[in-house]
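Residues per chain are reported as follows:
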Protein chains: 2
Amino acid sequence: MIDNKVSQETSQPIAYNPHVSIDCVVFGFDGEKLKILLIERTIREGDGNYSDKKLPGSIIYQDEDLDTAATRVLNELTGLKNIFLHQFHSFGDPKRTSNPRDKNWLEKTTNTKIGRIVTVGYLALIKISRKIIFESENTTARWYDVKSLSNMKLAFDHNQIAEEALKHIRHQVMLQPYMLFELLPRKFTMTQLRNLYDLILETKSDVRNFQKKMLQIDGLEQLDEVQKNVPYRAPRLYRFNKRKAKISKLKPGF
Amino acid sequence: MIDNKVSQETSQPIAYNPHVSIDCVVFGFDGEKLKILLIERTIREGDGNYSDKKLPGSIIYQDEDLDTAATRVLNELTGLKNIFLHQFHSFGDPKRTSNPRDKNWLEKTTNTKIGRIVTVGYLALIKISRKIIFESENTTARWYDVKSLSNMKLAFDHNQIAEEALKHIRHQVMLQPYMLFELLPRKFTMTQLRNLYDLILETKSDVRNFQKKMLQIDGLEQLDEVQKNVPYRAPRLYRFNKRKAKISKLKPGF
DNA sequence: CCAAAAGTGTTATCGATACACCCATGT
DNA sequence: ACATGGGTGTATCGATAACACTTTTGG
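Quantities reported herein were computed from a predicted structural model and do not represent experimental measurements.

### Observations regarding the overall build of chain A
Stage number 1. Scanning chain A from terminus to terminus reveals 6 helices and 10 strands.
Stage number 2. With respect to the three principal axes, the spread of C-alpha positions in chain A is 70 × 50 × 30 Å.
Stage number 3. Counting over 254 residues, chain A shows a buried share of 52%.
Stage number 4. Counting contacts in chain A only where the partners sit at least 6 residues apart, residues at least 24 apart contribute 68% of the total.
Stage number 5. With an accessible surface of roughly 13000 Å², chain A has 46% of that area assigned to carbon and sulfur atoms.
Stage number 6. Across chain A, the centroid of the 41 positively charged side chains sits 7 Å from that of the 31 negatively charged ones.

### What to know about helix α3 (residues 158-175) of chain B
Stage number 1. The terminal C-alpha atoms of α3(B), which comprises 18 residues, lie 26 Å apart, in line with the 26 Å expected from a rise of 1.5 Å per residue.
Stage number 2. Taken together, the buried positions of α3(B) are His158(B), Ile161(B), Ala162(B), Ala165(B), Leu166(B), His168(B), Ile169(B), Gln172(B), Val173(B) and Leu175(B).

### With respect to the protein's contact with DNA strand D
Stage number 1. Around DNA strand D, the structure places 17 residues, and the nearest of them are Asn209(A), Arg233(A), Lys251(A), Lys212(B) and Arg236(B).
Stage number 2. Counting only atoms of DNA strand D within 4 Å of the protein, the fraction found in sugar and phosphate groups is 41%.
Stage number 3. Measuring from a base nitrogen of DNA strand D, one finds a side-chain N or O atom of Lys212(A) at 3.5 Å.
Stage number 4. Within the backbone of Arg236(B), one N or O atom sits 2.6 Å away from a phosphate oxygen of DNA strand D.

### A word on the sheet that holds strand β8 (residues 187-188) of chain B
Residues and elements named next belong to chain B.
Stage number 1. Strand order in this open sheet of 3 strands is β8-β10-β9, and the pairing throughout is antiparallel. The strands lining the two open edges of the sheet, one partner per strand, are β8 and β9 (220-226).
Stage number 2. Strand direction decides the pairing type here: β8 and strand β10 (residues 236-240), joined by 2 bridges, are antiparallel. Residue pairing across strands places Lys187 opposite Arg239, the latter belonging to β10.

### Focus on the packing of aromatic side chains
Stage number 1. Per the stated rule, a full pass over the model turns up 12 aromatic pairs over all chains.
Stage number 2. Taking 5.3 Å as the distance between ring centres and 65° as the angle between the ring planes, the aromatic pair formed by Tyr197(A) and Phe210(A) counts as edge-to-face. With a gap of 13 residues between them, Tyr197(A) in helix α5 (residues 190-201) and Phe210(A) in helix α6 (residues 207-215) connect regions that are remote in the sequence.
Stage number 3. Measuring from centroid to centroid gives 6.2 Å for Trp105(B) and Phe156(B), while their planes differ by 65°, and the two rings are edge-to-face. Of the two residues, Trp105(B) is situated in helix α2 (residues 100-110) and Phe156(B) in the loop between β7 (141-145) and α3; the sequence distance between them amounts to 51 residues. The same class applies to Trp105(B) and to Phe156(B), which are both buried.

### Describing the sheet that holds strand β9 (residues 220-226) of chain A
Stage number 1. The antiparallel open sheet is built from 3 strands, whose spatial order is β8-β10-β9 (chain A). The strands lining the two open edges of the sheet, one partner per strand, are β8 (187-188) and β9 of chain A.

### Observations concerning the protein's contact with DNA strand C
Stage number 1. Taken together, 17 residues form the shell around DNA strand C, and within it Thr191(A), Lys212(A), Arg236(A), Asn209(B) and Arg233(B) come nearest.
Stage number 2. The share of sugar and phosphate among atoms of DNA strand C within 4 Å of the protein is 43%.
Stage number 3. With respect to DNA strand C, the side chain of Asp206(B) contributes an N or O atom lying 3.2 Å from a base nitrogen.
Stage number 4. For the surface near DNA strand C, the elements supplying multiple residues, two or more each, are α6 of chain A together with α6 (207-215) of chain B.
Stage number 5. Looking at the surface near DNA strand C, the element that brings in the most residues is α6(B), giving 3 residues.
Stage number 6. Taken together, the residues of the surface near DNA strand C sort by class into 6 nonpolar, 2 polar and 9 charged.

### Topic: the relation of the copies chain A and chain B
Stage number 1. Of the two same-sequence chains, chain A is brought onto chain B (RMSD 0.1 Å, axial shift 0.0 Å) by a rotation of 180°. Expressed as an axis order, the relation between the two copies is that of a two-fold axis.
Stage number 2. The overlap is high: 87% of the interface residues of chain A also sit at the interface in chain B, so the same surface is used on both sides.

### As for the interface of chain A and chain B
The extent of an interface is frequently quoted as the accessible surface area lost upon association of the parts.
Stage number 1. With 54 residues of chain A in contact, the opposing surface of chain B contributes 70 residues.
Stage number 2. The interface formed by chain A and chain B includes 12 residue pairs in polar contact (both at pLDDT 80 or more).
Stage number 3. When residues of the side of chain A that touches chain B are traced back to their parent elements, those giving at least two are β1 (19-29), β5 (84-91), β6 (117-125), α3 (158-175) and α6 of chain A.
Stage number 4. Of the residues forming the side of chain A that touches chain B, the biggest block, 4 residues, is contributed by β5(A).

### Topic: the side chain of Lys54(A)
All names here are of chain A.
Stage number 1. Among the structural elements, Lys54 can be located in strand β3 (residues 48-54).
Stage number 2. The side chain of Lys54 sits in the buried core without any salt bridge; Asp23 is the nearest counter-charge, 5.3 Å away.
Stage number 3. The contacts of Lys54, once residues within four sequence positions are left out, are Leu38, Ile39, Arg41, Trp105, Ala155 and His158.

### Let's talk about the environment of Glu45(B)
Residues and elements named next belong to chain B.
Stage number 1. The residue Glu45 is located in strand β2 (residues 34-45) in this model.
Stage number 2. Each C-alpha atom, one on Glu45 and one on Ile217, is 54 Å from the other, the two residues being 172 residues apart in sequence.
Stage number 3. When sequence neighbours within four positions are dropped, the list of residues in contact with Glu45 reads Tyr50 and Arg101.
Stage number 4. Among the polar contacts listed, one links the side chain of Glu45 to the side chain of Arg101, at a separation of 2.8 Å.

### Here's the deal with the UniProt feature "domain: NrtR DNA-binding winged helix" (unreviewed entry) in chain A
Stage number 1. In the numbering used here, UniProt assigns the feature "domain: NrtR DNA-binding winged helix" (unreviewed entry) to residues 181-240 of chain A.
Stage number 2. For residues 181-240 of chain A, the end-to-end C-alpha separation is 7 Å, with 40% helix and 23% strand making up the annotated structure.

### Brief notes about the domain arrangement of chain A
All names here are of chain A.
Stage number 1. Each assigned domain of chain A is listed with its residue range as follows: domain 1 (4-173) and domain 2 (186-244).
Stage number 2. Facing the 9 residues of domain 1 at the interface are 8 residues of domain 2.
Stage number 3. Of all residues in domain 1, Phe29, Arg170 and Val173 give up the largest surface area on contact with domain 2, accounting jointly for 59% of the area buried on that side.
Stage number 4. The interface formed by domain 1 and domain 2 includes 0 salt bridges.
Stage number 5. At the boundary of domain 1 with domain 2, the tally comes to 1 residue pair in polar contact (both at pLDDT 80 or more).
Stage number 6. The element that contributes the greatest number of residues to the side of domain 1 that touches domain 2 is α3, accounting for 3 residues.
Stage number 7. Considering only residue class, the side of domain 1 that touches domain 2 consists of 4 nonpolar, no polar and 5 charged.

What counts and what doesn't
- Residues numbered from 1 in each chain as written.
- Chains lettered and ligands numbered in written order.
- Predicted model: local features only at pLDDT ≥ 70, side-chain atom pairs only at ≥ 80, totals over all residues.
- Heavy atoms only, no water.
- Helix = DSSP H or I, 4+ residues; strand = E, 2+ residues; numbered from the N terminus.
- Buried < 20%, exposed > 50% of the residue type's maximum accessible area, 1.4 Å probe, protein only.
- Contact = heavy atoms within 4.5 Å.
- Areas by Shrake-Rupley, 256 points an atom, 1.4 Å probe, with all protein chains shown as cover.
- Lys, Arg positive; Asp, Glu negative; His and termini not counted.
- Charge placed at Lys NZ, Arg CZ, Asp CG, Glu CD.
- Expected span 1.5 Å × (residues − 1).
- Near = heavy atom within 4 Å.
- Polar contact = N/O pair within 3.5 Å; in protein donor to acceptor, adjacent residues only side chain to side chain.
- Pairing = 2+ DSSP bridges.
- Phe/Tyr/Trp six-rings, centres within 6.5 Å; stacked < 30°, edge-to-face > 60°.
- Nonpolar A, V, L, I, M, F, W, Y, C, P; charged D, E, K, R; others polar.
- Least-squares fit on C-alpha atoms with pLDDT ≥ 70 in both.
- Salt bridge = Lys/Arg side-chain N within 4 Å of Asp/Glu carboxyl O.
- UniProt positions renumbered as here; feature names shortened; annotations may be inferred.
- Domains from an automatic or database assignment.
- Buried area = accessible area lost by both parts, 1.4 Å probe.

Below you can see the structure in the form of structure tokens.
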């Protein structure tokens with residue numbers, strides 16, 4: 001971990017000690033759009049208030065693992081347990097917390113002088129149907145359309161983190177579709193599945209070919225049930241049974 | 001320097017402040033085996049010395065990005081610049097530095113009281129042919145057969161980190177072969193390429209099919225040159241031309 | 001009966017796999 | 001001449017991609 005020579009540096013850089021946080025990029029799917037969960041942040045500034053958005057996250061606690069910290073943050077925010085979580089990248093640019101607004105906000109909310117924060121990015125997926133506490137203590141969280149991200153200036157480097165998370169989920173879904181089932185309700189139609197797939201990958205799949213491919217997946221079960229209250233022919237429902245799922249091998253290819 | 005002795009006794013967990021390091025899993029290929037670069041670590045213990053191995057790594061310096069830290073560590077160790085580097089995972093189990101031997105060693109080498117370290121894992125690939133300074137100041141590094149890893153007890157959680165790096169490179173090579181070219185000499189034979197591929201993926205590729213697939217890769221150029229001093233028909237040499245390489249799209253599939 | 005979306009099969013093309021013999025070189 | 005590994009092509013199989021009409025339901 002540490003080379004001997006490090007300690008011999010005259011400037012003793014080793015004593016410098018950044019904080020470590022986790023940030024969660026939480027995606028949801030409302031049947032139409034891909035959504036991201038953001039927290040309202042208000043900063044008192046001279047005469048007025050400045051308000052913007054940030055990713056849910058937290059400094060890690062003592063004796064807390066990274067995964068545990070991410071789980072805690074999501075649980076505090078949503079009340080849910082068993083959220084799909086996946087570490088995807090860490091961000092450590094020394095300038096990522098150097099915006100005065102961000103520095104200011106950090107010191108006020110943590111009561112600590114904070115020099116630098118290295119953050120570990122997590123991707124989280126939520127079934128948007130699950131009813132969620134979004135007013136935990138004094139934070140307000142809301143779903144935003146992922147497409148509107150590019151017009152928002154998020155706190156810190158959170159735009160970049162969200163962008164990386166998007167790349168990550170696209171990559172994963174391209175290779176294996178399992179993440180999709182974390183975003184859909186427990187019972188879903190093939191059209192919902194296809195729409196979500198195409199939304200994430202920005203593709204237009206052929207209805208028949210898509211169905212054929214999906215039905216090869218172990219664990220994807222067709223139910224004897226149809227969607228109700230639709231003003232047209234009721235579509236069949238499907239369910240993804242994790243227990244019966246065997247993770248398929250990736251195909252080599254360049 | 002930042003004063004971070006804010007209090008580890010208070011109940012405010014946020015004041016707790018781990019160190020952040022990077023660790024590099026450096027792979028090389030000697031034509032036969034996949035190798036990993038490890039550093040000798042010696043710990044004075046009562047009457048004798050205890051010696052084991054660790055990954056190259058370092059606490060990150062003030063104002064240093066994560067990638068920069070990894071580049072620095074590798075440059076200090078090998079004298080090389082432009083090493084292929086890829087962040088793959090971060091490790092933050094609070095117990096990862098709790099072995100008394102590791103704690104002891106950390107405090108001696110850093111002259112700092114270190115409670116906890118979160119480390120960011122990097123995968124690095126080196127052309128083993130490049131002549132390398134392996135005796136930088138007072139560290140000794142050597143190549144070890146990756147297969148012997150399971151019989152070694154590395155420092156900290158470095159066995160786990162190396163294992164994850166292996167998974168990562170397998171995954172990457174399966175999807176796209178570009179990492180292989182970082183491990184081979186600038187000019188290489190198709191057999192070397194195939195052996196390396198099969199070594200990493202634990203497969204046995206068909207000679208003809210493998211060649212066909214590889215020759216589709218943009219940037220892989222056949223040279224008008226053959227390997228010399230071989231006691232049999234001299235094999236043709238190839239080169240991977242990064243400039244002409246277009247990163248191919250991944251194929252969807254489950 | 002009209003609108004809206006669901007459901008369903010076949011063909012063509014492409015890529016992946018399996019497989020065996022002759023060639024060039026050094027000793 | 002022989003031993004060693006290098007170099008090469010074809011046929012089969014399976015996967016992917018393209019493509020259009022009929023069915024169900026609610027209003």
